[in-house]
Amino acid sequence: MTTTHASNTPDSSRDPKALYGGKGSRRITVRDIAAAKARGEKWPMLTAYDAMTASVFDEAGIPVLLVGDSMGNCHLGYESTVPVTMDEIAVLSAAVVRGTKRALIVADLPFGSYQEGPVQALRSATRLIKETGANAVKLEGGERSAEAIKLLVDAGIPVMAHIGLTPQSVNAFGGYPVQGRGEEAAQQLLRDAKAVQDAGAFSVVLELVPAELAAEVTRTLHIPTVGIGAGSQCDAQVLVWTDMAGMTSGRVPRFVKQYAQLREVLGGAARAFAEDVVDGAYPAEEHAFH
């Protein structure tokens, strides 16, 4: 079922400083993200992989767009995020930047681009920032990635951290299980969250984490938490846009809410076009030149 809404534009009565619904036209910065946490403001984030889709989300007021390595699953046809390359991230991140004016653009560091250590992470992140115009990078890992995060931040590169279920570790996890269940696992996730904050990350994604634990992390940290399958108490929420808009075929994760059925809409449009061509109804006279 398609969810309908009264308006597709941000509420004009919102705080003009708000990340979503605000009146500013300049690029959102990590300082704006920090200020939103201080105000107790919740905000949305979506993935984007091309200029046209990114422009739609930017015009809709989405304040942060992630050029995620989720492009591997939903855009490039891979079975996981693991095969995604730096070249692929760079090309699509640059497209998203060109398609937007206000949103803060975060580019994912793909698997293999930072696992060798902080120096490799700095080299990879520097390339993305210089070549694409992205405003920040994201990388996975808590305590194990803290040194890399600190080096990037010290070099002037804003970092969004990512803990809990980290999809690049799918082979080690043996799938996509919920993380942080049990006392020991919960304490480790809390340590990871504090480690990335202390290293200088401006926000942290919590993926597939029990809602109660995510709420505790959110209360504990002074940087914003971005939930995906982590309950309602995070400071922000992110979804892969193809899941959100109903483009994904088959079963979607439990935490996904579909706000449209775009796969059906596009399929219907393609079939209508095909039938017009076969029947000779397109192109009609109004589509011809003389």
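Residues numbered from 1 in each chain as written. Predicted model: local features only at pLDDT ≥ 70, side-chain atom pairs only at ≥ 80, totals over all residues. Heavy atoms only, no water.

- The protein chain has the name 3-methyl-2-oxobutanoate hydroxymethyltransferase in an unreviewed UniProt entry, where Streptomyces telluris is given as its organism.
- Looking at the protein chain in UniProt, the text filed under Subunit (unreviewed entry) is "Homodecamer; pentamer of dimers."
- The UniProt entry for the protein chain carries this comment under Pathway (unreviewed entry): "Cofactor biosynthesis; (R)-pantothenate biosynthesis; (R)-pantoate from 3-methyl-2-oxobutanoate: step 1/2." (UniProt positions renumbered as here; feature names shortened; annotations may be inferred.)

**What about the packing of helix H4 (residues 86-98) against helix H5 (residues 118-132)?**
And step 1. Running from amino to carboxyl end, H4 crosses H5 at an angle of 35 degrees, the nearest separation of the two axes being 9 Å. Relative to H5, H4 is oriented so that their crossing is right-handed. Contacts between H4 and H5 involve Met-86, Asp-87, Ile-89, Ala-90, Ser-93, Ala-94 and Val-97 on the former and, on the latter, Ser-124, Arg-127, Leu-128, Glu-131 and Thr-132.
And step 2. Considered class by class, the residues forming the contact of H4 with H5 number six nonpolar, three polar and three charged. (Axes fitted to C-alpha atoms, helices over the stretch in contact; angles between N-to-C directions. Helix = DSSP H or I, 4+ residues; strand = E, 2+ residues; numbered from the N terminus. Left-handed = near helix turned anticlockwise from the far one by under 90°. Contact = heavy atoms within 4.5 Å. Nonpolar A, V, L, I, M, F, W, Y, C, P; charged D, E, K, R; others polar.)

**Digging into the UniProt feature "binding site: 3-methyl-2-oxobutanoate" (unreviewed entry) in the protein chain**
And step 1. In this structure's numbering, the residues bearing the UniProt feature "binding site: 3-methyl-2-oxobutanoate" (unreviewed entry) are Asp-69, Ser-70, Asp-108 and Lys-138. Spatial clustering of the annotated residues is evident: they stretch over 70 residues in sequence, but the largest pairwise C-alpha distance comes to 12.3 Å.
And step 2. Tracing the chain through its elements places Asp-69 in the loop between strand S2 (64-67) and helix H3 (71-74).
And step 3. The residues contacting Asp-69, other than those within four sequence positions of it, are Thr-81, Val-84, Ile-89, Asp-108, Glu-140 and Gln-168.
And step 4. Structurally, Ser-70 can be placed in the loop between S2 and H3.
And step 5. According to the relative accessible area criterion, Ser-70 is buried, its value standing at 13%.
And step 6. Excluding residues within four positions of it along the chain, Ser-70 makes contact with Thr-47, Tyr-49, Thr-81 and Val-240. (Buried < 20%, exposed > 50% of the residue type's maximum accessible area, 1.4 Å probe, protein only.)

**Here we look at the sheet that holds strand S7 (residues 225-228)**
And step 1. Taken in spatial order, the eight strands line up as S1-S2-S3-S4-S5-S6-S7-S8 and close into a barrel, and their pairing is parallel. When the angles between neighbouring strand axes are averaged without regard to direction, this sheet yields 25 degrees.
And step 2. Direction of pairing for S2 relative to strand S3 (residues 104-108): parallel, over a ladder of four bridges. Residue pairing for S3: Val-67 is matched across the bridge by Ala-107.
And step 3. Contacting S3 and strand S4 (136-140), H5 runs over the sheet at an angle of about 150 degrees to S4. (Pairing = 2+ DSSP bridges.)

**Describing the side chain of Ser-93**
And step 1. If you trace the backbone, Ser-93 turns up in helix H4.
And step 2. A polar contact of 2.7 Å, which involves the side chain of Ser-93, links it to the backbone oxygen of Ile-89. (Polar contact = N/O pair within 3.5 Å; in protein donor to acceptor, adjacent residues only side chain to side chain.)

**Structural notes on the packing of aromatic side chains**
And step 1. If you walk through the whole model with that rule in mind, you get two aromatic pairs.
And step 2. Ring centres 5.9 Å apart and planes at 65 degrees place the aromatic pair Phe-57 and Trp-241 in the edge-to-face group. One end of the pair, Phe-57, is in helix H2 (residues 51-59); the other, Trp-241, is in helix H10 (residues 241-244), and 184 residues separate them in sequence. Accessibility classification places Phe-57 together with Trp-241 in one group, the buried group.
And step 3. On the basis of an interplanar angle of 65 degrees and a centroid distance of 6.0 Å, the ring pair of Phe-273 and Tyr-282 is categorised as edge-to-face. (Phe/Tyr/Trp six-rings, centres within 6.5 Å; stacked < 30°, edge-to-face > 60°.)

**Focus on the nonpolar core**
And step 1. Of all hydrophobic cores here, the largest spans 60 residues; its most connected members are Leu-65, Leu-152 and Leu-206.
And step 2. At seven residues, helix H8 (residues 183-199) tops the list of elements feeding residues into this core.
And step 3. Counting 18 residues, the second largest nonpolar core, distinct from the first, contains Ile-33, Met-45, Ala-136 and Ile-228. (Core = buried A, V, L, I, M, F, W, Y, C linked by side-chain atoms within 4.5 Å.)

**Let's talk about a nonpolar patch on the surface**
And step 1. Together, Phe-273, Val-277 and Tyr-282 make up an exposed nonpolar region whose accessible area comes to about 290 Å².
And step 2. You can see Phe-273 is positioned in helix H11 (residues 262-279). (Patch = residues over 30% accessible without salt bridge, like charges linked within 9 Å, V, L, I, M, F, W, Y side chains within 5 Å. Areas by Shrake-Rupley, 256 points an atom, 1.4 Å probe, with all protein chains shown as cover. Salt bridge = Lys/Arg side-chain N within 4 Å of Asp/Glu carboxyl O.)

**A look at the UniProt feature "active site" (unreviewed entry) in the protein chain**
And step 1. The UniProt feature table records "active site" (unreviewed entry) at Glu-207.
And step 2. Leaving out residues up to four positions away in the same chain, Glu-207 has contacts with His-162, Ile-163, Gly-164, Leu-165, Pro-167 and Ile-228.

**Looking at the pattern of salt bridges**
And step 1. Tallied over the entire structure, the rule returns seven salt bridges.
And step 2. The partner of Asp-32 in a salt bridge is Arg-26, with the nearest N and O atoms 2.8 Å apart.
And step 3. The class for Asp-32 is buried, based on a relative accessible area of 16%.
And step 4. The salt bridge partner of Lys-150 is Asp-154, with a shortest N-O separation of 2.8 Å. Of this pair, Lys-150 and Asp-154 both sit in helix H6 (residues 146-154), four residues apart, which is roughly one turn of that helix.
And step 5. Judged by relative accessible area, Lys-150 falls into the partly exposed class, the value being 45%.
And step 6. Residue class for Asp-154 comes out exposed when judged on its relative accessible area of 57%.
And step 7. Among the charged side chains, a salt-bridge network with shared partners connects Asp-87, Arg-127 and Glu-131.

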